[in-house]
Amino acid sequence: MGEWMMKFTKMHGCGNDYVYINCLEEKVDNPAELARRVSDRHFGIGSDGLILICPSDRADVRMRMFNADGSEGEMCGNGIRCVAKYVYDHHIVEKTGLSVETGAGIKQLDLFTEQGKVVQVRVDMGEPVLAAAQIPVVSDKAEVIGVPVEVGGKTWEMTCVSMGNPHAVVFVPDTAGLDLISYGPLFEHHEMFPKRVNTEFVQVLSREEINMRVWERGSGETLACGTGTCASVMACILTGRTGHRVLVHLLGGDLTIEYEEKSNHIFMTGPAVTVYEGEIETIR
Ligand SMILES: N[C@H](CCC[C@H](N)C(=O)O)C(=O)O
């Protein structure tokens, strides 16, 4: 392969698609710039962002996630399932119990395979963080749970949860009719979120099922968001809307979320798909 070319793998979890670079083999000098370039759906490969698979001395591998605007996110739920699939399918690890170092700590994963390839992954997403100062969200409350806020001339009932990255969860009667393009950026750039925010719009269908759409910090609307799904279920539990096991319908697919009270950990189970492998000309 020419010195100017770099191998990548295109993968998605519920339609939340990223370009994956194996940094055990490739060297990425400026990931923020590369993320902006590969994410462009006309001048690049087209993706919600870039994910680097890196060496780790604390876990089997380390994951770094960059949004389409080049900003780095602390954690990526759909992405970590694909990282697990990549390292298993490429025989970097030969076990179906895996640890991945992330900006939100080390996560433990269980892989489920068919014909020797990973098809489903269960991730221990760890503990949700509710302290306003750690989201971070500017508030006179210690935790923002079911609090009315005014955004875009509308009053929303908002619950803020961090899964390592910041989330604002609001409830709507119907996700299909939602004007996400108008309200998403208003939440993302609102002054109450010093590090911006991922915003989830949730329609509760029953105590076991919800619909969710998401406007992501740094990427805009995506077809799914794993950390956002966990934050959404936590918000539903905290406001008495659902039980501890919820099926979440996203535009790009379904995720199953389980909250385990005794450990205060959230578990996410969902698919991981490899679309194709390719080479991209690197910028020097
Ligand atoms: N899509 C990812 C979350 C990306 C979060 C990123 N937009 C941020 O800046 O936190 C997921 O599946 O969890």
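- The protein chain is annotated in an unreviewed UniProt entry as Diaminopimelate epimerase of Roseburia yibonii.
- According to the UniProt record, the Function (unreviewed entry) comment for the protein chain reads "Catalyzes the stereoinversion of LL-2,6-diaminopimelate (L,L-DAP) to meso-diaminopimelate (meso-DAP), a precursor of L-lysine and an essential component of the bacterial peptidoglycan."

**Section: the nonpolar core**
Soluble globular proteins: nonpolar side chains tend toward being buried together.
Stage number 1. Ranked by internal contacts, the top residues of the largest apolar core, which has 54 residues, are Y20, I51, M63, L109, L111, V248 and I257.
Stage number 2. Two domains share this core, each providing at least three of its residues, namely domain 1 (3-124 + 271-283) and domain 2 (132-263).
Stage number 3. Ignoring sequence-local partners within four residues, the contact set of I257 consists of T229, C230, V233, H244, R245, V246, V248, I266, F267 and M268.

**Details of the environment of I266**
Stage number 1. If you trace the backbone, I266 turns up in strand β17 (residues 265-271).
Stage number 2. I266 sits in the buried class, given a relative accessible area of 1%.
Stage number 3. A sequence separation of 124 residues divides I266 from A142, and the C-alpha atoms of the two residues are 22 Å apart.
Stage number 4. Setting aside chain neighbours within four positions, we find I266 in contact with V123, D124, M125, G126, P128, M163, C230, M234, I257, E258 and Y259.

**Considering helix α2 (residues 77-89)**
Stage number 1. The terminal C-alpha atoms of α2, which comprises 13 residues, lie 19 Å apart, in line with the 18 Å expected from a rise of 1.5 Å per residue.
Stage number 2. Most of α2 is tucked away, with 13 of its 13 residues classed as buried.
Stage number 3. Following α2 by one or two positions, H91 has its phi on the positive side, about 55 degrees.

**A word on the packing of aromatic side chains**
Stage number 1. Here the structure, examined in full by the defined rule, presents 6 aromatic pairs.
Stage number 2. Where W156 meets F201, the ring centres are 5.7 Å apart and the plane angle is 70 degrees; that geometry is what we call edge-to-face. On the criterion of sequence distance, the pair formed by W156 in strand β10 (residues 154-162) and F201 in strand β12 (residues 198-206) is long-range, its members being 45 residues apart. The exposure classification of W156 matches that of F201, with both residues buried.
Stage number 3. Geometrically, the ring pair formed by F187 and F201 is edge-to-face, given 5.9 Å between the ring centres and 85 degrees between the ring planes.

**Notes on the site of the ligand**
Stage number 1. G77, E216, R217, G226 and T227 are the nearest of the 14 residues found near the ligand.
Stage number 2. One of the backbone N or O atoms of G226 is found 2.6 Å from an oxygen atom in the ligand.
Stage number 3. At a separation of 2.7 Å, an oxygen atom of the ligand approaches a polar side-chain atom of T227.
Stage number 4. For the ligand, the protein covers 100% of the area, taking 360 Å² as the surface of the free molecule.
Stage number 5. The set of elements that each furnish at least two residues to the shell around the ligand consists of β2 (16-22), β4 (61-67), α2 and α4 (226-238).
Stage number 6. Taken together, the residues of the shell around the ligand break down into 4 nonpolar, 8 polar and 2 charged.

**Some points on the UniProt feature "active site" (unreviewed entry) in the protein chain**
Stage number 1. When the UniProt feature table is mapped onto this chain numbering, "active site" (unreviewed entry) sits at C76 and C225. Their sequence span is 150 residues, while the largest C-alpha to C-alpha distance among them is just 7.7 Å; these annotated residues converge on one region.
Stage number 2. Its location among the elements puts C76 in the loop between β5 (72-73) and α2.
Stage number 3. Residue classification places C76 among the buried residues on the basis of a relative accessible area of 4%.
Stage number 4. With sequence-adjacent residues up to four places away left out, C76 is seen in contact with Y18, I51, M63, M65 and T227.
Stage number 5. Looking at the element boundaries, C225 is found in the loop between β14 (220-222) and α4.
Stage number 6. Once you skip the residues sitting within four places of it in the chain, C225 turns out to touch N16, N78, H167, E200, M212, V214, E216 and L250.

Rules used throughout
- Residues numbered from 1 in each chain as written.
- Predicted model: local features only at pLDDT ≥ 70, side-chain atom pairs only at ≥ 80, totals over all residues.
- Heavy atoms only, no water.
- UniProt positions renumbered as here; feature names shortened; annotations may be inferred.
- Core = buried A, V, L, I, M, F, W, Y, C linked by side-chain atoms within 4.5 Å.
- Buried < 20%, exposed > 50% of the residue type's maximum accessible area, 1.4 Å probe, protein only.
- Domains from an automatic or database assignment.
- Contact = heavy atoms within 4.5 Å.
- Helix = DSSP H or I, 4+ residues; strand = E, 2+ residues; numbered from the N terminus.
- Expected span 1.5 Å × (residues − 1).
- Phe/Tyr/Trp six-rings, centres within 6.5 Å; stacked < 30°, edge-to-face > 60°.
- Near = heavy atom within 4 Å.
- Polar contact = N/O pair within 3.5 Å; in protein donor to acceptor, adjacent residues only side chain to side chain.
- Areas by Shrake-Rupley, 256 points an atom, 1.4 Å probe, with all protein chains shown as cover.
- Nonpolar A, V, L, I, M, F, W, Y, C, P; charged D, E, K, R; others polar.

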